[in-house]
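Overview (structure and organization)
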Amino acid sequence: MSINWFPGHMHKARKEIAKTMDEIDVVIEVLDARLPQSSENPLVDSLRKGKPVIKLLNKSDLADPDVTAQWLDFFNAMDGMQALALDTDNRKLIKRLPELCKQLVPSRVAQGRPVRAMIMGIPNVGKSTLINALVGRRIAKVGNTPAVTRHQQRFMMQGMALSDTPGILWPKIADRDSGYRLAASGAIRDTAIELEDIALFTASFMLESYPQRLMERYRLTTLADIGDELLDQIGRKRGCLRPGGIVDRHKASEILLMELRSGKLGRITFETVAEWDEKRRQAALEEAERLAALDEQQQDPT
Ligand SMILES: Nc1nc2c(ncn2[C@@H]2O[C@H](COP(=O)(O)OP(=O)(O)OP(=O)(O)O)[C@@H](O)[C@H]2O)c(=O)[nH]1
Ligand SMILES: [Mg+2]
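Before going into details, it helps to say that this report is about the structure given with it. (Residues numbered from 1 in each chain as written. Chains lettered and ligands numbered in written order. Predicted model: local features only at pLDDT ≥ 70, side-chain atom pairs only at ≥ 80, totals over all residues. Heavy atoms only, no water.)

A word on the coordination of the magnesium ion (ligand 2)
All of the protein donors around the magnesium ion (ligand 2) are Ser128 (OG) and Thr149 (OG1); their distances to the metal are 2.0 to 2.2 Å. Remark: threonine 149 occurs in the loop between α6 (127-135) and β5 (153-157) and serine 128 occurs in helix α6; sequence separation between them is 21 residues. For the pair formed by serine 128 and threonine 149, the shared burial category is buried. (Donors = N, O, S within 2.8 Å, 3.2 Å for Na, K, Ca; no water. Helix = DSSP H or I, 4+ residues; strand = E, 2+ residues; numbered from the N terminus. Buried < 20%, exposed > 50% of the residue type's maximum accessible area, 1.4 Å probe, protein only.)

Here is the structure:
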């Protein structure tokens, strides 16, 4: 299954961002701490035109803290990169953000002009919630579904101008795991995906990475071997049965995904730095092999 959700308003949002980028000093990219790499939008890099960027691993209250620490090390080791883990209750860190932005553009501060920051990221990751926390008032609309913010909006606070932008995805999510992780986390509208398919992926992931959490949450004494059997176990435990005692997989899927997204299954992270290092190594190997084959073909066209 390929995930492809790039509705019209995202296309428009991308154009709007490109148009206003010249008037921006700093980009704040909000990532999902549960999937820091998969939630990194390649469009942000191409749109920001070399402007400094601060990466925020948001919703870290829902993520595995040890893995978040590894991701922070990973991002902070990159040249010119600043990364912080946040959850929107962490007022202290949030209050440091304006100062961090100002440090990145000292000339603007020296001129006594407001620093202009644009908050960008995938849908439903907490961009508008962050604006509200920074400004200290509920001025941006928030909601627990993707695509709540539909237009770019600018808010003023002490010495800063903050732009909220609609969450955007990219036209083709190439990595299969990334697509599933984005959907499982709630970044893709549920009507644009096969819910049962996403739940199956999630069930397999949980069985592999957090089996104990499943046993505790669903009071299971034995654990299924594969995802669809786990969905049946959950369905039976929660009384999602159709006439004849058949498990309603759709309902069981909704339960698993809702409980994962709301943190009822504990703090989980879908991906590790090591896994992505290996993915990159494999991709580089494949590319080298492709180029070698091309070379060979050119030397010996017969
Ligand atoms: N657990 C947790 N939930 C958060 C956090 N930040 C935001 N949320 C919740 O995530 C949901 C989405 O928040 P929004 O601020 O609307 O997200 P957004 O990125 O502006 O979303 P779009 O405008 O749709 O792109 C809301 O239900 C928030 O309460 C966080 O740090 N931790
Ligand atoms: Mg929003």
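Structure shown, so let's carry the discussion forward.
Structural notes on the site of ligand 1
Neighbouring residues of ligand 1: 22 residues in total, closest Asp61, Lys127, Thr129, Ala147 and Val148. The separation between an oxygen atom of ligand 1 and a polar side-chain atom of lysine 127 is 2.7 Å. Alanine 147 places a polar main-chain atom, nitrogen or oxygen, 2.8 Å from an oxygen atom of ligand 1. When ligand 1 is considered free in solution it has 650 Å² of accessible area, and contact with the protein chains removes 86% of it. The element best represented in the shell around ligand 1 is α6, accounting for three residues. (Near = heavy atom within 4 Å. Polar contact = N/O pair within 3.5 Å; in protein donor to acceptor, adjacent residues only side chain to side chain. Areas by Shrake-Rupley, 256 points an atom, 1.4 Å probe, with all protein chains shown as cover.)

Describing the pattern of salt bridges
Using the criterion set out here, one finds 18 salt bridges in the structure. Taking the shortest distance from any N to any O, the salt bridge between aspartate 25 and arginine 108 comes out at 3.2 Å. Of this pair, aspartate 25 sits in the loop between α1 (8-20) and β1 (26-32) while arginine 108 sits in helix α5 (residues 106-110), and the two are 83 residues apart along the sequence. The same class applies to aspartate 25 as to arginine 108, namely buried. A salt bridge links lysine 55 to glutamate 40; the shortest N-O distance between them is 2.7 Å. Here lysine 55 is found in strand β2 (residues 53-58), whereas its partner glutamate 40 is found in the loop between β1 and α2 (42-47), with 15 residues between them in sequence. Look at lysine 55 and you get buried, because its relative accessible area is 4%. (Salt bridge = Lys/Arg side-chain N within 4 Å of Asp/Glu carboxyl O.)

Notes on the packing of helix α7 (residues 176-185) against helix α12 (residues 273-299)
For the pair α7 and α12, the least separation of the axes is 12 Å and the interaxial angle reads 145°. On α12, the residues touching Asp177, Ser178 and Arg181 of α7 are Glu275, Trp276 and Lys279. Looking at side-chain class alone, the contact of α7 with α12 contains one nonpolar, one polar and four charged residues. (Axes fitted to C-alpha atoms, helices over the stretch in contact; angles between N-to-C directions. Contact = heavy atoms within 4.5 Å. Nonpolar A, V, L, I, M, F, W, Y, C, P; charged D, E, K, R; others polar.)

Some words on α6
Note that an α-helix has 3.6 residues per turn; residues three or four places apart therefore point the same way. Buried residues dominate α6, accounting for eight of its nine residues. Where α6 is concerned, the buried positions are Lys127, Ser128, Leu130, Ile131, Asn132, Ala133, Leu134 and Val135. Of the surrounding secondary structure, the elements contacted by the buried residues of α6 are β1, β2, α4 (91-104), β4 (115-121), β5 and β6 (160-164). One or two steps after α6, the chain reaches glycine 136, where phi turns positive at roughly 85°.

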